[in-house]
Amino acid sequence: MSLWDIVTDAGLLGALLLIGQFLRAKVKFFQSILMPASLIGGFIGLALGPSGFQILPFSAQLTKYAGVLIAVVFACTPIGDKPISKKEIKGVGGFFYQNTGILMLQYAAGMALALGILNKLWPGLNDGFGLLMATGFYGGHGTAAAVGAIYKEHGYPEFFDLANASATVGLVGGIVIGMIIINWGTRKGYTNYVESPKQLPEYIRTGLIPESQQKSGGKITISNMSLDPLAFHIGIIMIATMLGKWFSSMVQRQVSWLSIPVFVSALLFGYIMQFFLKKTGAAKYVDRYTVQRMSSTSTDLLVISAIVGLKLNVIAANFGPLLISFVFGLILNIVWFLYVGKYSSSKDWFERAIMNYGRANGVIATGVLLSRVVDPDQKSRGLEDTGITDLLNRPIAIALQALPPLFIAMGGAYPMYTTFVMWAGFIVLTLIALAFKWWTPGKMQYSKGDE
């Protein structure tokens, strides 16, 4: 394995991304379902790569890139971010319940399904299988890589491929079913800003922004006569990522029974870097948009490398329980949309709930895509409130990603105890939502004439 093998892998993944974008721009089918270029390219790579016809000469490191890239994504998370104001937090209770409730329910219901039904139909199924639905659906490919790395150390290496399959199904299902829901909603008159999904701008469908509408993707904060601004930002992110890996390895060496996932450590050092930047006054030279571009680029590469590297034999061996889990998860998200999303917004419930529906199926980008279809000018504040609630529930999300695999791997009664704790957390959150009227089941929080 040489550095040129990594360059070759990067070149092949880059070519697949470009092919995916080309097909998105030219093929009406991909435009109609808003298929991301990383997925299109990923499926092509899967067919031509190690699990397919073995035409593309990827190195043996292909399946390891996701574990590194997710650490980069988490290191980016706090750097350059602005604290939430009290004014922003006020009034997002209902959306917080929408977002966080489905997160917790996917974990709790997925574990209950696995322990109560799937393990009976398929004896010997790993108890950790119950985490697949939430890991893939709400978490997406990034969480699949993170939790897959944890389970690799706890004797369940198949989880990585199964979780990435779950993330792919969640993402595709979220977009396809989301468009079906939007067409239904417009016919029912639930949308406030569009009358038909056909009003979606052409550049959203093709992915190519016309020159007259193109905008800058960041600010130049460092003179390139001294240091290129991108190199400056890469340096910050790579330091946090490197220290995250170092800290995780150091803890493992010193305390053999304690394993801190690298992505958690990278997030920790991301916060430390942000604190240091603010204290030294250097934060004003950090451009959040540039950091977000780096995070998004890492995510695209993570998605395509994870799909290309899927082991189809592992998926085939678990097809039955996977199918049940996927169908259950998609139905769960639809039910949540109809019975929670509809009754937890004081205005624009459909636009806001479809944003959360997309978020619950993989990534914020899916929610943004669906939201743009029905709210092209972002008047419903779905995007802003998603950002706020994602920050507020981030500790919960990270805890659910990092802790359950460790407890479930202990075996015995721990998987059951973990499931009970998940359900208890969801019930407590629901009671709070009812008490504060964040969710008013069966009763709209506004009438259309009050808008």
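Here is what the cut-offs are and how they apply
Throughout, residues of each chain are indexed from 1 in the direction in which the sequence is written. Reporting in this predicted model follows two pLDDT cut-offs: at least 70 for local features of residues, and 80 or more for side-chain atom pairs to be given and counted; totals over whole chains, interfaces and linings ignore these cut-offs and use all residues. Side-chain measures were taken over the full set of non-hydrogen atoms in the model, leaving aside hydrogen atoms and water. Whenever Lys or Arg places a side-chain nitrogen within 4 Å of a carboxyl oxygen from Asp or Glu, that contact is recorded as a salt bridge. Helix and strand assignments come from DSSP, with helices taken as H or I runs of at least 4 residues and strands as E runs of at least 2, each series counted from the N terminus. Under the scheme applied here, a residue whose accessible area is under 20% of the maximum for its type counts as buried, over 50% as exposed, and between as partly exposed, the area being computed with a 1.4 Å probe on protein chains only. Note on contacts: a residue pair qualifies if any of its non-hydrogen atoms lie within 4.5 Å across the two residues. Stacked, tilted and edge-to-face are the three classes assigned to paired rings of Phe, Tyr and Trp, where Trp is represented by its six-membered ring and a pair needs centres within 6.5 Å; plane angles under 30 degrees give stacked, over 60 edge-to-face, the rest tilted. Residues enter patches when they are more than 30% accessible in relative terms and free of salt bridges; like-charged ones are connected within 9 Å and nonpolar ones (Val, Leu, Ile, Met, Phe, Trp, Tyr) within 5 Å. With residues, only the protein chains shown are counted as cover, and all accessible areas are computed by Shrake-Rupley using a 1.4 Å probe. We count Lys and Arg on the positive side and Asp and Glu on the negative side, and we leave His and both chain ends out. Charge coordinates come from a single atom per side chain, which is NZ of Lys, CZ of Arg, CG of Asp or CD of Glu.

This brings us to the pattern of salt bridges. One pass over the structure, following the stated rule, counts two salt bridges. With its nearest N and O atoms 4.0 Å apart, the salt bridge here joins D81 to R288. Note that D81 is positioned in the loop between helix 4 (65–76) and helix 5 (86–89) and R288 in helix 13 (residues 288–308), a separation of 207 residues in sequence. We classify D81 as partly exposed; its relative accessible area is 24%. Residue classification places R288 among the buried positions, given a relative accessible area of 19%.

Turning to the environment of A353, a few remarks are in order. You can see A353 is positioned in helix 16 (residues 349–359). Accessibility expressed as a relative area gives 2% for A353, which makes it buried. Along the sequence, A353 and I180 sit 173 residues apart, while their C-alpha atoms lie 14 Å from each other. Each residue touching A353, except ones within four places of it in the same chain, is listed here: Q98, F337 and G341.

It is worth spelling out the packing of aromatic side chains at this point. Considering all chains together, one arrives at 21 aromatic pairs under this definition. Note on W349 and F350: the rings are 5.5 Å apart at their centroids and 75° apart in plane angle, and the pair reads as edge-to-face. Given a relative accessible area of 0%, F350 falls into the buried group. Relative to F426, the ring of W423 lies with its centre 6.1 Å away and its plane at 80°, an arrangement referred to as edge-to-face. Of this pair, W423 and F426 both sit in helix 20 (residues 414–435), three residues apart, which is roughly one turn of that helix.

The next thing to look at is a positive patch on the surface. A cluster of like positive charges, contributed by K82, K219, K278 and K279, occupies part of the molecular surface. Turning to its location among the elements, K82 is positioned in the loop between helix 4 and helix 5. What makes K82 exposed here is its relative accessible area of 60%.

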